[in-house]
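One letter stands for each residue in the lines below.
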Amino acid sequence: MCIRDRLNISDDRIDLTLDKIILGSEAGISHLEFTATGNWTVKIDESASLWCTIDKTTGGSGVHIIEIKVDENNTYDERIASITAICGSDKKIITLTQVQKDAIIVAQKSYYVPSGETVLDLTINTNVDFNIEVSENWIRLSEQPKSRGLIEKKISFYIDENPQPSERIATISAVYE
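Described in the following lines is the structure provided in the data block. This structure is a prediction, so every number in the text was calculated from the model and none was measured.

## Digging into the sheet that holds strand β5 (residues 52-54)
Okay, step 1: The strand order across the open sheet formed by four strands is β1-β3-β7-β5, and the pairing between neighbours is antiparallel. Each edge of the sheet is formed by a strand with only one pairing partner; in this case those strands are β1 (14-16) and β5. Neighbouring strand axes in the sheet, compared pairwise and without regard to direction, differ in orientation by 30 degrees on average.
Okay, step 2: Across three bridges, the pairing between β1 and strand β3 (residues 28-36) is antiparallel. Pairing of Asp 15 across the sheet is with Thr 35, part of β3.

This is how it looks when you write it as structure tokens:
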């Protein structure tokens, strides 16, 4: 009897076509193809079982395709799951990432400012990179913001004095990159 037999080590293998899967925030289906030389099991870590399921968890040797279903990600954070595939003593881990819901949330939609020169501070919560577009040249942006992960971002605009007695209107837009 060789040492391999005494330790109950198997020569069975599992070969995957990929080791990571990235999905959008919408509900969807992906497929994982693999070849196993013996009996195999596939499982998802428990923390992901609330939003991710697989259609087959065990099988025998051969080429297999399992279906991975994910629920819509309505959160502002990406979700990550580990999918573990085992065949004999061969163990492979696939990382499944579902991206976050993109958001640009403006704290207030309209602002009224005095006619004199002033600074307007806006609060935006966002998890995406965006650009600010201003419709009038009498409003200047202090700097273009960049962000990832839902954060609160303060953005300042310098507003020139209004020399006219009439009201002025401008549009400030936060636009996805």
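Once the structure has been displayed, the description carries forward.
## Re the sheet that holds strand β6 (residues 58-59)
Okay, step 1: Read across the open sheet, the five strands follow the order β2-β9-β8-β4-β6; overall the sheet is mixed. Of all the strands in the sheet, just β2 (20-23) and β6 have a single pairing partner and so form its edges.
Okay, step 2: Summarising the sheet, strand β4 (residues 40-44) and β6 pair through two bridges and their orientation is antiparallel. Across the sheet, the residue bridging to Trp 40 is Gly 59, located in β6.

## Considerations on the side chain of Gln 98
Okay, step 1: Inspection of the secondary structure puts Gln 98 in strand β9 (residues 90-98).
Okay, step 2: Within the local environment of Gln 98, its side chain forms a polar contact with the backbone oxygen of Asp 71, the two atoms lying 2.9 Å apart.
Okay, step 3: A polar contact is formed between the side chain of Gln 98 and the side chain of Arg 79, at a distance of 2.6 Å.
Okay, step 4: If we skip the residues at most four places from it in the chain, Gln 98 touches Leu 23, Gly 24, Ser 25, Glu 26, Trp 51, Val 70, Asp 71, Glu 72, Asn 73, Glu 78 and Arg 79.

Conventions adopted
Residues numbered from 1 in each chain as written. Predicted model: local features only at pLDDT ≥ 70, side-chain atom pairs only at ≥ 80, totals over all residues. Heavy atoms only, no water. Pairing = 2+ DSSP bridges. Helix = DSSP H or I, 4+ residues; strand = E, 2+ residues; numbered from the N terminus. Axes fitted to C-alpha atoms, helices over the stretch in contact; angles between N-to-C directions. Polar contact = N/O pair within 3.5 Å; in protein donor to acceptor, adjacent residues only side chain to side chain. Contact = heavy atoms within 4.5 Å.

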